[in-house]
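What the coordinates show
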Amino acid sequence: MVALQTDNLMDSTDGPLLLVTRPAEQAAGWVSKLRAQGLRAEALPLIAIGPAPDAAALRLMLAALSPGALVMFVSPNAVQQSVAALGGRLIWPQGVRAAATGPGTVAALMEAGVPAGSIVSPPEAALQFDSEALWQLLQHEDWCGRQVRVVRGEGGREWFADTLRAAGAEVQLVQGYSRCAATLDEPGQALLQRALAHPADVRWLFSSSESIDHLMGLVPGADWSASQALVSHPRIAERALERGWRHVLLVPPGLDAIVRAARGPH
């Protein structure tokens, strides 16, 4: 269950309400940062994160890596849940790089003990944090026969794995965490209902298409045409438009960009 505070959520004098839909731990951090910028934000996690289903598979993966290998973690959750499954310690093998698509995952890797010099990721000033941006940093290397491991949840995009396979790498996918639709408690349900009742006062912050799909499951048939979606990637924008949003703004995933978008006109 997700516990939320819902006092004075629709006080229009405070500006639009920002609903952060990331998983609970990440959403709480974003809400804190947004509030520190003077914005009105609440967490409404739409994805629940669970532990890695097979810790032994993670241990075997790390033990079998050879120098020159690359391990790509798809998100901070992939790092944190993998480390938890390994008993809270991550002994990073020498000569192996960890790859990340964005600064949140980089921070999680460094907190887990991966040396900064062993991490490859798009710079914090990058316009986009995704597999394509990461590949731009890697595409000039010779990948023939090299080990690549992708640590992720169930399913997900295959683009990065397929691209490395096409370049000759030996790629395996490893499940580092589980995820499902979040279950809202009564305050969370109240927040959702208030957001539905005041759609023009709400801006939804989406960092995954999956969050949009889970929202559809919570309130099937709801009208989203008067609400605004702030999204971090063109694929998420496409999903929001497909699901009925008419006001969709593509925003770089950094804090400053989100703050500017939140303060701008609807």
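Placed above this text is the structure.
The sections below set out a description of the structure shown in this document. (Residues numbered from 1 in each chain as written. Predicted model: local features only at pLDDT ≥ 70, side-chain atom pairs only at ≥ 80, totals over all residues. Heavy atoms only, no water.)

1. Side note on helix H2 (residues 55-63)
Considered for burial, the residues of H2 that qualify are Leu-58, Met-61 and Leu-62. An end-on view of H2 places all buried positions within 95° of arc, on one side of the element. Set apart from the buried face of H2 by more than 90 degrees, the exposed residues are Leu-60 and Ala-63. Its side-chain oxygen at 3.2 Å from the backbone nitrogen of Ala-56, Asp-54 defines the N-terminal cap of H2. (Buried < 20%, exposed > 50% of the residue type's maximum accessible area, 1.4 Å probe, protein only. Helix = DSSP H or I, 4+ residues; strand = E, 2+ residues; numbered from the N terminus. Arc of directions from axis to C-beta. Polar contact = N/O pair within 3.5 Å; in protein donor to acceptor, adjacent residues only side chain to side chain.)

2. Thoughts on empty space enclosed by the protein
Following the criterion strictly, the structure yields two cavities of 30 Å³ or more and no others. In this structure, the largest cavity occupies an estimated 150 Å³ of space. As for the largest cavity, its lining consists of 14 residues, and the residues nearest its centre are Arg-22, Leu-205, Phe-206, Ser-207 and Ile-258. When residues of the lining of the largest cavity are traced back to their parent elements, those giving at least two are helix H1 (24-36), strand S10 (202-206) and strand S11 (228-231). Its residues assigned to classes, the lining of the largest cavity shows eleven nonpolar, two polar and one charged. In this structure, the second largest cavity spans a volume of roughly 50 Å³. Lining the second largest cavity are Leu-58, Met-61, Leu-62, Phe-73, Val-79, Ser-82, Val-83, Leu-86 and Leu-90. Counting only elements with at least two residues in the lining of the second largest cavity, the list comes to H2 and helix H3 (76-85). Classifying every residue of the lining of the second largest cavity by side-chain character gives eight nonpolar, one polar and no charged. (1 Å grid on protein atoms, 1.4 Å probe; cavity = no way out; pocket = protein on both sides within 12 Å on 5 of 7 lines; lining within 4 Å. Points joined across faces, edges and corners; volume = space filled by probe spheres on them. Nonpolar A, V, L, I, M, F, W, Y, C, P; charged D, E, K, R; others polar.)

3. Examining the sheet that holds strand S12 (residues 247-250)
The five strands lie next to each other as S2-S1-S10-S11-S12, forming an open sheet whose pairing is parallel. Because the sheet does not close on itself, it has two edges, and the strands there are strand S2 (40-43) and S12. Each adjacent strand pair in this sheet contributes to an overall mean axis angle of 25°, direction not counted. The pairing of strand S1 (residues 17-20) with S2 spans four bridges and is parallel. Along S2, the bridge assignment pairs Val-20 with Ala-43. (Pairing = 2+ DSSP bridges. Axes fitted to C-alpha atoms, helices over the stretch in contact; angles between N-to-C directions.)

4. Considerations on the side chain of Ser-118
Topologically, Ser-118 is positioned in the loop between helix H4 (103-111) and strand S6 (119-120). For Ser-118, a relative accessible area of 18% translates into the label buried. Those residues in contact with Ser-118, other than ones at most four positions away along the chain, are Trp-92, Val-96, Arg-97 and Ala-98. (Contact = heavy atoms within 4.5 Å.)

5. Concerning the pairing of S12
Bridge count for S11 against S12 is four bridges, and the pairing is parallel. Residue pairing across strands places Ala-229 opposite Val-248, the latter belonging to S12. Where the polypeptide runs from S11 across helix H9 (residues 234-242) and back to S12, its parallel neighbour, the crossover connection is right-handed. (Right-handed = clockwise from strand over helix to strand, strands pointing away.)

6. A word on the sheet that holds strand S8 (residues 170-175)
With parallel pairing, the five strands of this open sheet are ordered in space as S6-S5-S4-S7-S8. Edge positions in the open sheet fall to S6 and S8, since each of these has one partner strand only. Two strands pair when backbone bridges link them, and strand S4 (residues 70-73) and strand S7 (residues 147-152) are joined in this way by four bridges, in the parallel orientation. Within S7, the position partnered with Phe-73 by the bridge is Val-151. Taken strand by strand, helix H6 (residues 159-166) contacts S4, S7 and S8, and its axis lies near 160° from that of S8.

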